[in-house]
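Coordinate analysis (summary)
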Amino acid sequence: MDGFKVIEGGKSHNESHNEDGDLQKIPRFLSPGGDLLVQEDAATLLTNGDTAGSTPIATPGVGAITDNVSAATAREPSAIEPHQRRWAWAQIDREAISQNLKTLRKHIGPDSMILTVVKADGYGHGAVEVAKVAMRSGSKYLGVASVCEGIELRRAGIDAPIIILAEPPIDSIAEILHYDLVPALYTSEFALALGERADAAGCVAPYHLKIDSGMNRIGVHYSDAGDFLRSLAFHRGLELQGCFTHFATADTMDTLGLKMQQERFEQALETIRYMGMDPGIVHAANSAAAIRYKHTRYDMVRLGISVYGLHPSKLTKDLIKLRPAMSVRARVNSIKPVPLGEGVSYGFNYRSPGGVLIATIPIGYGDGLSRVLSDRIDILVDGYAYPQVGTICMDMCMFEVSQRQDISNIRQAQLSAARPSVEFGSEAIIIGRSGEQEISMDDIAEKMGTISYDLACMFGLRLERVYKN
Ligand SMILES: *Cc1c(COP(=O)(O)O)cnc(C)c1O
């Protein structure tokens, strides 16, 4: 025990779990000086020392702390699935991701490498898991938006080449080199700082030059790319590994804009080559361009949304078959009749028409189910669609299960009679397939006036993820 003392109380392990399901209580551990130790310290104590289940130890001098908490509660309970912890979760189908990459590979052909974009926590799907699946499904590179995202992958043991798709802050250069991340760059300040730091460490830092071909976001202006590279060519700490640009309109009906960007990009490449430099890996296409335009694929394509089984726009839907990897699910945690005229949820914006059960599911706008969707979406249970009703709250929302049967419509009456009942614990689908019914990420994104990218990211922020296959 190394002189640490543990305050113990009378509760058994089981009691403390069963009482109210509250696993949040942090047992108090005291250092010899009477300081509270953080939970990790406590866990270490328990694994190293043999205190669990031992007889309570009287602790002189700390009698003021009277909480009686069993030391046993500090032990990690055996692992449960996230959806057992909270009845709302995002289910990620790894098989779909793998399948999509194979389909994309077939569509794109063997000549272009695939970089899988896992920024924003893998578009909400979990960057680490997606990266693992992608690398064993034919992807050669990973793309992230920030140094933090790259470090997360490295710490998870992923050793694939990782490109940071925008120039990071100069302050992060030590970490970029330490974690073997490859930055995009477009300012000489960053380039020189990177080269100097690498040289001082006795290594050469690879980088990709970002060329602005007309999106006017980031990058060296296409007409300056040659001179920019020539100004760095002397540097023994730098190695140009690739050149890339990004299309602004590949997912739209526009073709002129894309053509213009591509011509400018090629003009920059031509200048670079003319100056005797090797542009390295040339890449330009996002999902939309890679799927729609063969001539944009170059040495590598950067695939994000399509890997997740979502389409960059309606224009790719007929060109390739993709399988959505994410479904959003919840379980009914309350269901009860609400009499005619009674209000439901904040503002009473919905009032019961009578003859209905109101079911509650623990998912709300804090999970990405935006409040603007209130009263505008359906919830699927066992292949049937039920209208969501009342204002969507931060952590929950309600839907209506009608108990009425429209006897004027025999077909409907039969359907209603055949309808399985919604009950406490029923699984509800917010995004995904249930029987013959399907609600897609696009359906909901469209109602919000946004795109699937945005929505998928939002569902990734708080919901627990459950991986299947
Ligand atoms: C996000 C991103 C991509 C991926 O775009 P998708 O439309 O999701 O395929 C590709 N390139 C860059 C530079 C990006 O930032």
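Structure first, text after, so check above.
The present account deals with the structure reproduced in this document. (Residues numbered from 1 in each chain as written. Predicted model: local features only at pLDDT ≥ 70, side-chain atom pairs only at ≥ 80, totals over all residues. Heavy atoms only, no water.)

1. Some remarks on the overall build of the protein
Where we set the bar: Secondary structure is summarised from DSSP: a helix means a run of H or I of at least four residues, a strand means a run of E of at least two, and numbering begins at the N terminus for each. Classification of residues uses two cut-offs on accessible area relative to the type maximum, computed with a 1.4 Å probe and protein chains only: under 20% is buried, over 50% is exposed, and between them is partly exposed. Contacts were defined at the residue level, with two residues in contact if any of their heavy atoms lie within 4.5 Å.
In terms of helices and strands, the protein carries 15 helices and 23 strands. Buried positions account for 49% of the 469 residues belonging to the protein. Considering only contacts within the protein whose residues lie at least 6 apart along the sequence, 67% involve residues at least 24 apart.

2. Thoughts on the packing of helix α4 (residues 94-108) against helix α6 (residues 127-135)
The condition that has to hold: Throughout, an axis means a line fitted to C-alpha atoms (over the contacting stretch in the case of helices), and angles, computed between N-to-C directions, take values from 0 to 180 degrees. An angle below 35 degrees is read as roughly parallel, one above 145 as roughly antiparallel, one from 65 to 115 as roughly perpendicular, and any other as oblique. Left-handed describes a crossing in which the near helix is turned anticlockwise from the far one by less than a right angle; the clockwise case is right-handed. For this classification, the nonpolar set comprises Ala, Val, Leu, Ile, Met, Phe, Trp, Tyr, Cys and Pro, the charged set comprises Asp, Glu, Lys and Arg, and every other residue, Gly included, is treated as polar.
Across the interface, α4 lies against α6 with an axial gap of 9 Å and an inter-helix angle of 45°. Comparing the axis directions of α4 and α6 gives the class oblique. Helix-helix and strand crossings are classified by hand; for α4 and α6 the assignment is right-handed. Residues R94, I97, S98 and L101 of α4 pack against E129, V130, V133 and A134 of α6. Of the residues contributing to the contact of α4 with α6, the split by class is 5 nonpolar, 1 polar and 2 charged.

3. Details of the site of the ligand
The test is simple: Proximity is defined per residue: if any heavy atom of the residue lies within 4 Å of a molecule or strand, that residue is considered near it. Think of a polar contact as two N or O atoms within 3.5 Å of one another; within protein, one of them needs to be a possible hydrogen donor and the other a possible acceptor, and neighboring residues in sequence only count if both atoms come from side chains. The Shrake-Rupley method, run with a 1.4 Å probe sphere, supplies the accessible areas, and residue values consider only the shown protein chains as cover. The rule is simple: put a 1 Å grid over the protein atoms alone, call a set of points where a 1.4 Å probe fits but cannot get out a cavity, call an open set with protein on both sides within 12 Å along at least five of seven lines a pocket, and count a residue as lining if it has an atom within 4 Å of a point. Being in a pocket or cavity means that more than half of the molecule's atoms lie within 2 Å of its grid points.
Taken together, the neighbourhood of the ligand is formed by V117, K119, Y123, L165, H246, N286, S287, R302, L303, G304, I305 and Y453. Y453 places a side-chain nitrogen or oxygen 2.7 Å from an oxygen atom of the ligand. For the ligand, the protein covers 92% of the area, taking 380 Å² as the surface of the free molecule. If you map the ligand onto the pockets, it falls in the second largest pocket.

4. Some words on helix α15 (residues 452-459)
Note the threshold: Taken from the helix axis, the directions to the C-beta atoms give the arc we talk about.
Those residues of α15 that fall on the buried side of the exposure criterion are S452, L455, A456 and F459. Seen end-on, α15 carries its buried residues on one side only, within an arc spanning 100°. Of the surrounding secondary structure, the elements contacted by the buried residues of α15 are α5 (119-123), β13 (326-331), β21 (427-434) and α14 (441-448).

5. Points about the packing of helix α10 (residues 225-232) against helix α11 (residues 256-274)
Interhelical geometry of α10 versus α11 gives an angle of 35° and a closest axis separation of 8 Å. Crossing handedness for the pair α10 and α11: right-handed. Residues A225, G226 and L229 of α10 pack against A268, T271 and I272 of α11. Each residue belonging to the contact of α10 with α11 can be placed in one class, and the counts come to 4 nonpolar, 2 polar and no charged.

6. Let's talk about the environment of A289
As for its placement among the helices and strands, A289 is situated in helix α12 (residues 287-292). Assessed through its relative accessible area of 0%, A289 is described here as buried. The spatial distance from the C-alpha of A289 to the C-alpha of H246 is 9.8 Å, given a sequence separation of 43 residues. Each residue touching A289, except ones within four places of it in the same chain, is listed here: F247, A250 and T296.

Just distances and angles here, no functional claims.
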